[in-house]
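Architecture and fold: a report
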Amino acid sequence: MKKFFLASLCLFIAIHYTYAQNKITVSGKVFDKDLGQVVIGANILEKGTDNGTVTNVDGMYSISVSSGATLVFSYVGMQTQEVKVNGRQTIDVVLTADAKTLDDVVVIGYGTIRKRDLTGSIVSVKGDEIKSNPSISPLSALQGKVPGMDVITQGNAGASPKITIRGIGSMANSNPYYIVDGMFTDNIDFVNTSDIASVEVLKDASSLAMFGVKGANGIIIITTKRGQEGKVTFNVDSYTGFQTIMPGDKLKLADGNQFTEWYRELLTNSKQDILDDDPDAIIDASKYSFNPQVPGVGTNWVDQVTRSALITSQSISASTASEKSHSFFSLSYFKQDGVVKYDNYERYTARFNTDYKFNNWAKLGGNVALSYWGKDTGLKGYGDLLTQAVHAMPTYAPKDNDGNWMMPDRVVQGQINNPVATMEIGSHNNKSWGYRILGNAFLDIVLFKKLTYHGSAYVDLGMNQNKVFKEKFFLDSMHKQEATAMNRDQTEYRTFQQEHTLTWDDVIGDHRFNVMLGFTSNYVASEGFSAGRDSINVAGNMDYVPEELQMLGMGIKSTATNGDSFSEESQLSYFGRVNYSYKDRYIIAATLRRDGSSKFLKKNRWGTFPSVGLGWVISEEDFIRDNTSKIDFLKLKGSWGRLGNDRASGRYDYYRFVDPNGSYAVFGNSIITIPTLTSMADLNLTWEKMEGTEVGLEGSFLNQRLSGEFTFFNRKTRDFLTQVPVPASIGSGYMITNAGSMRNRGIELSLNYSDVAGNLRYTIGGNFTYTQNKVLSLGSGGSDKFSGPCITRVGETIASFYGYKTDGIFQNQAEIDNYVNDKGVKYQPDAKPGDFKWKDVDGNGVIDDNDRTILGSYFAPFSFGVNVKLEYKGFDLGVDITGVAGNEIYNSKKAPYDYNQFNFMECWENRWHGEGTSNKYPILSNMRPDNMRASDFFVENGSYVRLRNVQLGYTFPKAWMHKIYLNSLRIYASAQNLLTLTAFDGWTPEIGGSPLESGVDSGSLYPLPATITFGLNLTF
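Predicted model, so just to flag it, every value in this text is computed and none were measured.

Counting secondary structure elements, the protein contains 11 helices and 56 strands. Its C-alpha atoms give the protein a radius of gyration of 33 Å, within 12% of the compact-globule value 31 Å for 1020 residues. Taken along its principal axes, the extent of the C-alpha atoms in the protein is 115 × 70 × 70 Å. Carbon and sulfur atoms form 56% of the exposed surface of the protein, whose accessible area is close to 45,500 Å². Considering the protein, the positive charge centre built from 100 side chains and the negative charge centre built from 110 side chains are found 8 Å apart.

The four strands are arranged β41-β42-β43-β46 in an open sheet whose pairing can be described as antiparallel. Edge positions in the open sheet fall to β41 (785-787) and β46 (853-857), since each of these has one partner strand only. The mean angle between the axes of side-by-side strands here comes to 40°, regardless of whether they run parallel or antiparallel. Examined bridge by bridge, strand β43 (residues 800-803) and β46 share four bridges and lie antiparallel to one another.

Our focus in this paragraph is empty space enclosed by the protein. According to the stated counting rule, one finds eight cavities of 30 Å³ or more in the structure shown. Lining the largest cavity we find 21 residues, and of these Pro-134, Ser-135, Thr-153, Gln-154 and Leu-1008 sit closest to its centre. The residue makeup of the lining of the largest cavity, split by class, is seven nonpolar, 13 polar and one charged. Around the second largest cavity, the lining is made up of 18 residues, and of these Ile-108, Ser-206, Ser-207, Arg-577 and Ala-589 lie nearest the centre. Contributions of two or more residues to the lining of the second largest cavity are made by α4 (205-208), β29 (561-582), β30 (586-597) and β31 (606-617). For the lining of the second largest cavity, the leading source of residues is β30, giving three residues. Its residues assigned to classes, the lining of the second largest cavity shows seven nonpolar, nine polar and two charged.

Okay, the pattern of salt bridges next. Considering all chains together, one arrives at 48 salt bridges under this definition. Close ionic contact of Glu-261 with Arg-911 constitutes a salt bridge, the shortest N to O distance being 3.6 Å. Within this pair, whereas Glu-261 is found in helix α5 (residues 256-277), its partner Arg-911 is found in the loop between β49 (888-891) and β50 (939-941), the two being separated by 650 residues in sequence. The exposure class assigned to Glu-261 is partly exposed, which follows from its relative accessible area of 46%. In this structure, Asp-930 and Arg-933 form a salt bridge, with 3.1 Å as the shortest nitrogen-oxygen distance. Among the residues examined, Asp-930 registers a relative accessible area of 43% and is labelled partly exposed. Shared partners join several salt bridges into a network, and the residues in it are Asp-273, Asp-277, Lys-832, Asp-835 and Arg-928.

Looking now at the UniProt feature "domain: TonB-dependent receptor plug" (unreviewed entry) in the protein. UniProt tags residues 115-219 as "domain: TonB-dependent receptor plug" (unreviewed entry). What you have in residues 115-219 is 8% helix and 27% strand, and the ends, taken at the C-alpha atoms, are 17 Å apart.

Sheet architecture is open: five strands sit in the order β11-β16-β17-β14-β15, paired in mixed fashion. Every interior strand has two partners, whereas the edge strands, β11 (122-126) and β15 (183-185), have only one. Taken over all neighbouring pairs, the strand axes of this sheet differ in orientation by 20° on average, direction set aside. Strand direction decides the pairing type here: strand β16 (residues 196-202) and strand β17 (residues 219-224), joined by six bridges, are antiparallel. Note on β17: the bridge partner recorded for Val-201 is Ile-220.

With that settled, the discussion passes to α5. Since there are 3.6 residues in each turn of an α-helix, residues three or four apart along the chain are aligned in direction. In this model α5 runs 31 Å from its N-terminal to its C-terminal C-alpha over 22 residues, within 8% of the 32 Å that 1.5 Å per residue would give. The opening residue of α5 is Asp-255, an N-cap whose side-chain oxygen sits 3.1 Å from the backbone nitrogen of Asn-257.

On to the pairing of β43. Burial of the side chains of β43 extends over both faces: Ser-800 and Tyr-802 are buried on one face and Phe-801 and Gly-803 on the other. Taken together, the two bridges between strand β42 (residues 790-792) and β43 define a ladder with antiparallel strand orientation. Its bridge partner lying in β43, Cys-790 is registered against Phe-801.

Moving on, we get to the packing of aromatic side chains. For the structure shown, the criterion picks out 42 aromatic pairs. Between Phe-836 and Trp-838, the aromatic rings sit 5.4 Å apart at their centres with planes inclined by 50°, giving tilted as the arrangement. The pair Phe-836 / Trp-838 is uniform in exposure class, with both members buried. When the centroid spacing of 5.2 Å and the interplanar angle of 55° are considered together, the rings of Phe-836 and Phe-937 count as tilted. With Phe-836 in strand β45 (residues 836-838) and Phe-937 in the loop between β49 and β50, this pair connects stretches of sequence that are 101 residues apart. One exposure class covers both Phe-836 and Phe-937, and it is buried.

On to unusual backbone geometry, then. If a residue is not glycine, its phi is most likely negative; likewise, a peptide bond is most likely trans. For Asp-719, which is not glycine, the phi dihedral falls at a positive 55°. Tracing the sequence through the fold places Asp-719 in the loop between β36 (706-718) and β37 (721-725). Taking the relative accessible area as the measure of exposure, Asp-719 reaches 25% and is therefore partly exposed. The phi dihedral of Asn-977 is positive, around 55°, even though this residue is not glycine. Here Asn-977 lies in strand β52 (residues 968-982).

The next subject is the nonpolar core. Side chains of a nonpolar character, in soluble globular proteins, are inclined to be buried together. Membership of the largest hydrophobic core comes to 74 residues, with the highest contact counts inside it found for Tyr-263, Phe-904 and Trp-908. Elements with a contribution of two residues or more to this core: α5, α6 (301-305), α7 (381-391), α8 (419-424), β45 and β49. Per-element tally for this core: the top contributor is α5, with five residues. Those residues in contact with Trp-908 that sit more than four places away from it in its chain are Trp-262, Lys-894, Pro-896, Tyr-921, Pro-922, Leu-924, Met-932 and Phe-937. Core analysis: the next-biggest nonpolar cluster, separate from the first, contains 25 residues, Met-149, Met-183, Val-201 and Ala-369 among them.

Let us now look at the confidence of the model for the protein. Counting all residues, the mean pLDDT for the protein is 88, and 94% of those residues have values of 70 or more. When pLDDT is averaged over each element of the protein, β45 comes out on top at 97 and helix α1 (residues 2-21) at the bottom at 40. Contacts of residues 1-21 to residues separated by more than four positions or lying in other chains number one contact, the stretch itself having pLDDT below 50.

Let us now look at the environment of Glu-940. In this structure, Glu-940 sits in strand β50. A relative accessible area of 13% places Glu-940 in the buried class. The spatial distance from the C-alpha of Glu-940 to the C-alpha of Gln-723 is 30 Å, given a sequence separation of 217 residues. For Glu-940, the residues in contact, after removing those within four places along its chain, are Asn-887, Glu-888, Ile-889, Asn-891, Lys-894, Ala-983, Phe-984 and Asp-985.

Looking now at the pairing of β49. As judged from the three bridges shared by β49 and β50, these two strands associate in the antiparallel manner. Each residue of the ladder has a partner; that of Ile-889, found in β50, is Glu-940. Both β49 and strand β55 (residues 1000-1001) contribute to a ladder of two bridges, which runs parallel. Among the inter-strand pairings, Tyr-890 is bridged to a residue of β55, identified as Val-1000.

Glancing now at the environment of Asp-985. Among the structural elements, Asp-985 can be located in the loop between β52 and β53 (993-994). Looking at Asp-985, the relative accessible area reads 17%, which means it is buried. Spatially, the C-alpha atom of Asp-985 lies 26 Å from that of Gln-772, the residues being 213 residues apart in sequence. Beyond its immediate stretch of four places on either side in the chain, Asp-985 contacts Lys-252, Asn-891, Lys-893, Met-905 and Glu-940.

Within the element layout of this structure, Asn-738 appears in strand β38 (residues 734-738). Between the C-alpha atom of Asn-738 and that of Ala-799, which follows or precedes it by 61 residues, the distance is 18 Å. Ignoring any residue separated from it by four or fewer positions in sequence, one finds Asn-738 in contact with Asp-682, Asn-684, Leu-685, Thr-686, Trp-687, Glu-688, Asp-719, Phe-720 and Leu-721. A distance of 2.9 Å separates a polar side-chain atom of Asn-738 from the backbone nitrogen of Thr-686. A polar side-chain atom of Asn-738 sits 2.7 Å from the main-chain carbonyl oxygen of Asp-719.

Definitions and cut-offs
Residues numbered from 1 in each chain as written. Predicted model: local features only at pLDDT ≥ 70, side-chain atom pairs only at ≥ 80, totals over all residues. Heavy atoms only, no water. Helix = DSSP H or I, 4+ residues; strand = E, 2+ residues; numbered from the N terminus. Rg over C-alpha atoms; globule rule 2.2 N^0.38 Å. Areas by Shrake-Rupley, 256 points an atom, 1.4 Å probe, with all protein chains shown as cover. Lys, Arg positive; Asp, Glu negative; His and termini not counted. Charge placed at Lys NZ, Arg CZ, Asp CG, Glu CD. Pairing = 2+ DSSP bridges. Axes fitted to C-alpha atoms, helices over the stretch in contact; angles between N-to-C directions. 1 Å grid on protein atoms, 1.4 Å probe; cavity = no way out; pocket = protein on both sides within 12 Å on 5 of 7 lines; lining within 4 Å. Points joined across faces, edges and corners; volume = space filled by probe spheres on them. Nonpolar A, V, L, I, M, F, W, Y, C, P; charged D, E, K, R; others polar. Salt bridge = Lys/Arg side-chain N within 4 Å of Asp/Glu carboxyl O. Buried < 20%, exposed > 50% of the residue type's maximum accessible area, 1.4 Å probe, protein only. UniProt positions renumbered as here; feature names shortened; annotations may be inferred. Expected span 1.5 Å × (residues − 1). Polar contact = N/O pair within 3.5 Å; in protein donor to acceptor, adjacent residues only side chain to side chain. Phe/Tyr/Trp six-rings, centres within 6.5 Å; stacked < 30°, edge-to-face > 60°. Core = buried A, V, L, I, M, F, W, Y, C linked by side-chain atoms within 4.5 Å. Contact = heavy atoms within 4.5 Å. pLDDT = per-residue confidence, 0-100.

Below, the structure written as structure tokens:
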């Protein structure tokens, strides 16, 4: 044994000595071929090792390597070169501009394409850029990085952002479709951000026409990671942090002292208004006096129902690959507690994909993704709770000295309850949970040398459940639950999809062809039930039932309610595409798709959707190549396409629906039930149709350091689906019909610059979008559509704010008397000092409904993003800034009274309370309701600039990591939404809403918190 050990030791020493003897020092310079200058900061790496260096300010380098090593030279925007040392000690290298980035492929409909051959607008974002944003949804990380894409982030736990691409495209549904590894879906809540390899956002009609019925509002394609060649590699992504409402984002509400002062003033003014109108009026003094239940500053109810909250994500993955197979497996856990108490969300996911190449002509593979989620929102839900917290008067406490819940003075607030009591009673009694399983299998066969068949089948199965339990309680006559009760509902859904394509891909001389034919079918069904009972008791009259005993069977049978549902839809599609380029200079792309949808009658069931795109690579022309080296790539492109949209239609809108108990009639002593129509059916119902045109210029310059793109787009939607009332002679209800058209057009601009200065590598990017939305028609009648304070009117932006315009405040009676029309008649004869002065917008000499006008819109015409990334040695810093401009928000929570007396916003310290005190805020009096009518008083500037994300990281040297058997380790700290600059007085200027009513803040808006996280990325 000793001899063997000594022999082995001698052999090791000999090998080590021989290796050491073969080490040499190699030095030289690195040049830029096009500029004829040295390259500063070029990377030189000994292939297969972590041994490397960079060139200095003179372009020189020096590195110690083995005599038989291979050196890898690389630099941003340049082609990577490998050079064998072969014992040489001086090696100079000339790098040339890298056109490879233009040859990179991007994912498109049913295939991929070289980036240089694109004639449409597709933005590709790598997975590493998305991981920097701690959120349940990877789409949040795209905010400010994709021109033309609006992302409205929501703050509640587990919420996905609201996405629109190039404006509002439909009155009913403007959400884009998602494709995850080939599977169509309407949400991506099941995708773990760390699993994403890339995201492609398809925006123009020619790129989207391949998706026909599903492409009208844009497509977002997500490709998840697959195994990488080499040994088994494990990757850990982990972060933990907290969310909090920044001081500058908190609502400015009146405290107890302010409320007492202003409410007493309101009562005094209201009583005086009554006496001014009727000096003999009998005044109930008890209704016009107020004493706070708890004097002083009182209770900040918003602080009582909010908190700092946890957010954490843990993910581990394993990947491996060989020449014939690839495999990837991941597990993840995500938990987010909302900043509103008892708002909680958690999710578990697992993903596995694999493929196996049998030979040179056949490959088989598949994907499986599993997810489970659970959410608790409290009995009332965060919307109702926040509304109560914002509106509750601050002059009482959550509990009295004996520990009993306090309630507001019901003379003052008859319909607003103690927010803390509302929150705590049933705090864990509204639970939702569900699971989802997605899977697919695919087969690729090379039929001939250039002809490939691809077939795949997909399945998406899931179930969502909800349980609401109401415990028995009594606080006062306005806030009580006299018997325990419970409701449960469950929905199961399933989707089946298949697709088959034949693709011919060939290069013949200067001609490059890619021709594809295929068909796909899709079936979606959902069914569910709901049930409820009262008096859920185990024994006796229990006020509260433990969760494990909360069962419907414990309730009283006579109180049982139930219902069920079922719906299904299907689509069948045939499609084809031709991509052709000549000398990589002249490009044409054409597609044709024919879709059939079960949502329409047979005569309107099929639609045909064509597109064409043209491109001219100007940089390939001799007059560019021979005269300048500054232009690496320059392409002029244009496209046109037609798309369909059936998502705005329900699954059975072509049916008439009858309520068997619609109305009643009395004949003698008998009551007769008369069935009535609840909805009519338009037998000519058909697709929404969208036509889009765009022209653009894209290029890269200065050895790929500078790149940019400019695009003009014009998108018109016609025959959009909308509800119209049915004639009164037929019954109540509505009918879905095709009525109207709308246009979105604008420009998009993006610029990016990347370079290296010594050890500093930096990238600066920015994008800007201008979008104009205009309603062109609203059907044959052209009637305005109203929703809340919003109107949709021909010639205006959809969902514009609508109301009266103010012209200051009447300071005295003389101003009222002098505000007259051309005939000397007072415009506002009943006005009093302190009231709004309304503008006669239509000039007819009177203030009436015709003076209501457009007051603005929430949809911002301008949006922008700025992204900066710096890398210095092992450190990296990323900064993202986003913003919008030119839009408005309707801040209805400013109203201090409506159906009830509300707490005052702090801005009411600027109220009118005597001549000259204010020309913006009116007098406080609930006897002057006209001052609270919809007007520009409630319309505020919605523009903002937000520091969206800041992340500082450090990557440890690989040499250190190898000593502890790790491949890499990066640690980082990240902060989101730290600072928002806005004039809007609310939680957040990112509000959203529906296509017909957006940007209205009534007090139920969820705060968008700042998020601070600390994390690591580990590979071994």
